[in-house]
Amino acid sequence: MYLFVSTKPVHPIMKHLFTFAFAALISFNCLAQANLNRCSTFEIMQKREGLQPGYLAGAKAAFDAAKQLAEANRVNRSGNDTVYRIQLVFHVLYNSPAENIPDSVIYSQIEVLNEDYRRLNADTVRTRDEFKPVAGDTRLEFYLATTDPDGNPTTGITRTTGSGSFIGYSPLTDDIKVEPGGKAPWPTDRYVNVWVGNLFFGIVLGYAYPPYNAPNWDSTSLATDSALQGVVLHYAAVGRNNAQPVDQTVAGGRSLTHEMGHYFGLRHIWGDEVGCNTDDGIDDTPLASDASQQTCDTTINSCTDAPADFSDMIENYMDYSDDRCVNMFTNGQIEIMHAMLQTSRAGVATVVTPTGIKNTGDNFDVIQIFPNPSSGNINLNVQIKNGTNFSYEIYNLVGEKLVAESNLTSVSNYRSINLSAQPAGIYFAKITSGEQVVVKKFELAR
Ligand SMILES: [Zn+2]
């Protein structure tokens, strides 16, 4: 049932698939489940290593570089409220009407992605208490491209019919990305390409190549790979309103949440090998001996962590749990994604400062900006609790920092700021006290 060809030992995921296949012989009802392959990213990376020896070392080097940058970011606390707006293009490849999924399913998919990546998903309440301290908002937002590579208006969705003798697209050949029959990507340094089609080898829900061209990796030796960058999804795994979902366990539209994590450099939380000696390189995801195998079993604790022990984090989007049990990324995973967005994946994102109140923390009693609109001088009144301090920064609409002061105490809570040299328009004041950040919008009008 599984056509993956390899000289390497059978991968543990495949072993489980064979187990499922045996169960399917007993029950027809299990047939769809039996052929389900949650993600082929590990397999395609192994294949790539065969084609281009050194590929896996390169991907690891990219990850290690991102981790170093993430640690430097943590020390400098730079970019902590940055929002990354990421430009997507969906390429729908179809050979039957069912595969030509409607725009509404793609819109639903974008909605799921934004909820999950901004931690606005309704099921954050299901994150167990032991993991709440490390669950975070990635501050990644996604939108369909409005301009195509030639500068023309676009819906951000392309539709292409496949070849006549079609049997499905193969993760092992990436034929969905090659014309004719597939669709060549839009420039992968500016767009996140999402190819949607009928993927075979069982039913593969998706796969994505991680970044490899981080600063300490010689990207020239893998130049041809630029045409492969992006995410591939099975058409029946798109959106949460899909008319023909592969299976109810994956009908929540979270296959793309998972694959996008790979695209931004994240690995499966169990480290892709069975046992407690492999890790995903992320400090705040507990060790796990294997994938959770599409269950929501909260009793699993397959490895002992030190210094404190934790359950297996089946809530993590980078596990293989059902869509109904995943609901979080960790802060460590988010740091890696941000580091990739500053390096290998920088071109696909627009960096913006928040446009709303992010967090009204307990340190603040009053924050006022007046007059608003102002002709040039604004007054900032920040009342904070005794013993705390605050800083502020003023940004224009394109994110340039215009004025900043830090380490202000409660005795210097009233600031008069001269912006008369700035043009009329919308501006933002970001006020920070400890971990708490409030962003206020104001206007200069003449
Ligand atoms: Zn995966």
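Residues numbered from 1 in each chain as written. Predicted model: local features only at pLDDT ≥ 70, side-chain atom pairs only at ≥ 80, totals over all residues. Heavy atoms only, no water.

A. Local environment of the coordination of the zinc ion. Taken together, the protein donors to the zinc ion comprise Cys39 (SG), His258 (NE2), His262 (NE2) and His268 (NE2), at separations of 2.0 to 2.2 Å. Look at where the donors of the zinc ion fall in the sequence and you get C-x218-H-x3-H-x5-H. (Donors = N, O, S within 2.8 Å, 3.2 Å for Na, K, Ca; no water.)

B. Here's a closer look at the packing of aromatic side chains. Here the structure, examined in full by the defined rule, presents 8 aromatic pairs. Consider the rings of Trp270 and Tyr320, whose centres lie 4.9 Å apart with planes at 70°: the pair is edge-to-face. You can see Trp270 sitting in the loop between helix H6 (255-263) and strand E10 (329-330) and its partner Tyr320 sitting in the loop between H6 and E10, a full 50 residues away along the chain. Ring centres 6.0 Å apart and planes at 20° place the aromatic pair Tyr427 and Phe442 in the stacked group. In this pair, Tyr427 is assigned in strand E17 (residues 425-433) and Phe442 in strand E18 (residues 436-444), connecting sequence segments 15 residues apart. Phe442 carries the same exposure label as Tyr427, and that label is buried. One aromatic cluster is present, formed by Tyr117, Phe142, Tyr317 and Phe329 through successive ring pairs. (Phe/Tyr/Trp six-rings, centres within 6.5 Å; stacked < 30°, edge-to-face > 60°. Helix = DSSP H or I, 4+ residues; strand = E, 2+ residues; numbered from the N terminus. Buried < 20%, exposed > 50% of the residue type's maximum accessible area, 1.4 Å probe, protein only.)

C. Representation of the pairing of strand E6 (residues 192-197). Counting buried positions along E6 yields 6 of 6 residues, so the element is predominantly enclosed. The side-chain alternation of E6 yields two buried faces, one formed by Val192, Val194 and Val196 and the other by Asn193, Trp195 and Gly197. One ladder, built from 5 bridges, connects strand E2 (residues 83-94) with E6; its direction is parallel. Residue pairing across strands places His91 opposite Trp195, the latter belonging to E6. With 4 bridges connecting them, E6 and strand E9 (residues 231-234) associate as parallel partners. Bridge pairing in E9 places Val196 opposite Leu233. (Pairing = 2+ DSSP bridges.)

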